[in-house]
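# Coordinates in review
Each chain, written out:
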Amino acid sequence: LGKCADLILLMIDGSFGFEMETFEFLNILQAHGFPKILGVLTHLDHFKDNKGLRRTKKRMKARFWTEVHDGAKLFYFSGLEKSGRYPKTETHNLARF
């Protein structure tokens, strides 16, 4: 997949963090030349307080920039709505890019 992809959406569970499979996939991409990578941080509705949420967003963004490159786009998706979809504004922000 890393050889033929032009754009990759890397989904990261915000309540859990980066997993080993994520790093393995990034290493495969590094070996074959980086395509454009967009990160999507999900499950942010699991955080009870805003301070913990802000701290986690900042830490995940710093780690994502370390692994990919500085300035790589990371989008934040909160939880699913009752309809089973993500909020419209968050998906529009991702689609605009």
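Residues numbered from 1 in each chain as written. Predicted model: local features only at pLDDT ≥ 70, side-chain atom pairs only at ≥ 80, totals over all residues. Heavy atoms only, no water.

## Describing the overall build of the chain
For the record, the criterion: Working definition: helices are DSSP H or I runs of at least four residues, strands are E runs of at least two. Numbering for both runs from the N terminus. Each radius of gyration is computed over the set of C-alpha atoms, and the globule rule expresses the reference value as 2.2 Å times the number of residues to the power 0.38. Burial status follows relative accessibility: with a 1.4 Å probe on protein chains alone, a residue under 20% of its type maximum counts as buried, one over 50% as exposed, and anything between as partly exposed. Here the open area of atoms and residues is found with the Shrake-Rupley method and a 1.4 Å probe, where only the protein chains shown may cover a residue.
Scanning the chain from N- to C-terminus turns up three helices and three strands. Listed N to C, the secondary structure of the chain is β-α-β-α-β-α in terms of helices and strands. On C-alpha atoms alone, the chain measures out to a radius of gyration of 14 Å, which is about the 13 Å that the 2.2 N^0.38 rule sets for 97 residues. Oriented by its inertia axes, the alpha-carbon framework of the chain measures out at about 40 × 25 × 20 Å. Split into buried and exposed, the 97 residues of the chain put 35% on the buried side. Surface summary for the chain: the accessible area is close to 6,800 Å², and the carbon and sulfur share equals 52%.

## Topic: the pattern of salt bridges
Under the convention used in this document: Any carboxyl oxygen of Asp or Glu within 4 Å of a side-chain nitrogen of Lys or Arg constitutes a salt bridge here.
Tallied over the entire structure, the rule returns one salt bridge. A salt bridge links Arg63 to Glu67; the nearest nitrogen and oxygen atoms lie 3.3 Å apart. Of the two residues, Arg63 and Glu67 are both situated in helix H2 (residues 50-67); the distance of four residues between them amounts to about one turn of the helix.

## Overview of the confidence of the model for the chain
Here is the rule: A score from 0 to 100, pLDDT tells how confident the predictor is in each residue.
Scored by pLDDT, the chain comes out at a mean of 85, with 98% of its residues at no less than 70. When the elements of the chain are averaged for pLDDT, helix H3 (residues 88-96) gives the smallest value, 85, and strand S3 (residues 74-76) the largest, 90.

## Comments concerning the nonpolar core
Note the cut-off: By nonpolar core we mean a set of buried residues, namely Ala, Val, Leu, Ile, Met, Phe, Trp, Tyr and Cys, connected to one another through side-chain atoms within 4.5 Å. Pairs of residues are marked as contacts when any of their non-hydrogen atoms sit within 4.5 Å.
Counting 17 residues, the largest nonpolar core has Ile12, Ile37 and Phe64 as the members making the most contacts within it. Elements with a contribution of two residues or more to this core: strand S1 (7-13), helix H1 (20-32), strand S2 (36-42) and H2. Once you skip the residues sitting within four places of it in the chain, Ile12 turns out to touch Gly17, Phe18, Val40, Leu41, Thr42, Met60, Phe64 and Leu74. Counting residues in hydrophobic clusters, the runner-up holds five residues, among them Leu38, Phe75, Phe77 and Leu94.

## A look at a positive patch on the surface
Note the following rule: Patch membership requires over 30% relative accessible area and the absence of a salt bridge. Like charges are linked within 9 Å, and nonpolar side chains (Val, Leu, Ile, Met, Phe, Trp, Tyr) within 5 Å. The charge count treats Lys and Arg as positive and Asp and Glu as negative. His and the chain ends do not count. One atom stands in for each charge, and that atom is NZ of Lys, CZ of Arg, CG of Asp or CD of Glu.
A contiguous patch of positive charge on the surface is contributed by Lys51, Arg54, Arg55 and Arg59. Checked against the element boundaries, Lys51 lands in helix H2.

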